[in-house]
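Examination of the molecular architecture
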Amino acid sequence: MGGGREVSISLDGVRDKNVMQLKKLNTVLFPVRYNDKYYADALASGDFTKLAYYSDICVGSIACRLEKKESRAVRVYIMTLGVLAPYRGVGIGTRLLNHVIDLCSKQNIQEIYLHVQTNNDDAVNFYKKFGFEITETVNNYYKNIDPPDCFVLSKFITQSPVKK
């Protein structure tokens, strides 16, 4: 990829007119098929769901769901984050995840969490670099993939005091 020249990575929102891009990426990236509710949640999350472009080629995405907790606080669930294999390692996943973390900070959302298959060391290590911690192991979470177990990774965002 590199070759020393600067390549532009840009993010774009997911809307009705480009949701097919997200569907195509998910088909290639993930071993499960997502239902209509997944796409409705992704669209409803607004800025929390983004497509990533590498020199105008759609190569990755993050799709989130906003959840209200009993305390009325909102938390963000990362449903999917993926980058096509040839484009990994150039900062696209980092850009997508930082976008969501920054948005949470700006909107005073204090918790982000996700599920990761227990054998996906690359994903676990990626999220740990951003301060996520394994907070739970769920047995038999996945129905049609092996292993069926997952980790719950969570990040709690502390709001920085406003500078005067």
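Residues numbered from 1 in each chain as written. Predicted model: local features only at pLDDT ≥ 70, side-chain atom pairs only at ≥ 80, totals over all residues. Heavy atoms only, no water.

Under an unreviewed UniProt entry, the name given to the chain is N-alpha-acetyltransferase 50, and the source organism is Hibiscus syriacus.

One finds I78, L97, I112, Y127 and F132 to be the most contacted residues of the largest nonpolar core, which totals 50 residues. Ranked by the residues each element gives to this core, the list is headed by helix 3 (residues 92-106), at seven residues. Residue contacts for I78: discarding those within four places in its chain leaves I62, A63, C64, L97, I112, Y113, L114, Y127 and F132. (Core = buried A, V, L, I, M, F, W, Y, C linked by side-chain atoms within 4.5 Å. Buried < 20%, exposed > 50% of the residue type's maximum accessible area, 1.4 Å probe, protein only. Helix = DSSP H or I, 4+ residues; strand = E, 2+ residues; numbered from the N terminus. Contact = heavy atoms within 4.5 Å.)

So, about the sheet that holds strand 2 (residues 50-54). The strand order across the open sheet formed by seven strands is 1-2-3-4-5-7-6, and the pairing between neighbours is mixed. The outermost strands of the open sheet, each flanked by one partner alone, are strand 1 (9-13) and strand 6 (133-138). Averaged over all pairs of adjacent strands, the angle between their axes in this sheet comes to 25°, without regard to strand direction. As paired strands, strand 6 and strand 7 (residues 150-156) are joined by five bridges and run antiparallel to one another. Across the sheet, V138 pairs through a bridge with C150, a residue of strand 7. Each of strand 4 (74-83), strand 5 (111-117), strand 6 and strand 7 touches helix 4 (residues 121-128); the most contacted strand, strand 5, lies at about 160° to it. (Pairing = 2+ DSSP bridges. Axes fitted to C-alpha atoms, helices over the stretch in contact; angles between N-to-C directions.)

The next point concerns helix 2 (residues 36-44). Three or more residues of helix 2 are buried, namely Y38, Y39, D41 and A42. On an axial view of helix 2, the arc spanned by its buried residues comes to 160°, and they lie on one face. In helix 2, the exposed positions that point more than 90 degrees away from the buried face belong to D36, K37 and A44. Buried residues along helix 2 sit in contact with helix 1 (19-29), strand 3 (57-68) and strand 4. Sitting at the amino-terminal end of helix 2 is N35, which places a side-chain oxygen 3.1 Å from the backbone nitrogen of K37. Remark: G46 follows helix 2 within two positions and exhibits a positive phi of approximately 65°. (Arc of directions from axis to C-beta. Polar contact = N/O pair within 3.5 Å; in protein donor to acceptor, adjacent residues only side chain to side chain.)

As a further point, take the side chain of N18. Following the sequence through the fold, N18 ends up in the loop between strand 1 and helix 1. A relative accessible area of 9% places N18 in the buried class. Side-chain polar atoms of N18 contact the backbone oxygen of G13, separated by 3.0 Å.

Looking now at the UniProt feature "domain: N-acetyltransferase" (unreviewed entry) in the chain. This chain's UniProt record puts "domain: N-acetyltransferase" (unreviewed entry) on residues 9-158. Taken end to end, residues 9-158 is 29% helix and 35% strand, and its two terminal C-alpha atoms sit 28 Å from one another. (UniProt positions renumbered as here; feature names shortened; annotations may be inferred.)

We now examine the packing of aromatic side chains. Going through the model one piece at a time under the given rule, you end up with nine aromatic pairs. Taken together, a centroid distance of 5.0 Å and an interplanar angle of 55° make the contact between F126 and F130 tilted. What makes F130 buried here is its relative accessible area of 14%. Between Y127 and F132, the aromatic rings sit 5.3 Å apart at their centres with planes inclined by 70°, giving edge-to-face as the arrangement. Each of the two residues, Y127 as well as F132, counts as buried. Through successive ring pairs, a cluster of aromatic residues spans F30, Y34, Y38 and Y39. (Phe/Tyr/Trp six-rings, centres within 6.5 Å; stacked < 30°, edge-to-face > 60°.)

What follows concerns the side chain of S154. Assignment of secondary structure puts S154 in strand 7. Here S154 falls in the buried class, since its relative accessible area comes to 6%. A polar contact of 3.1 Å, which involves the side chain of S154, links it to the side chain of T135. Other than its neighbours up to four places away in sequence, S154 contacts E111, I112, Y113, G131, F132, E133 and T135.

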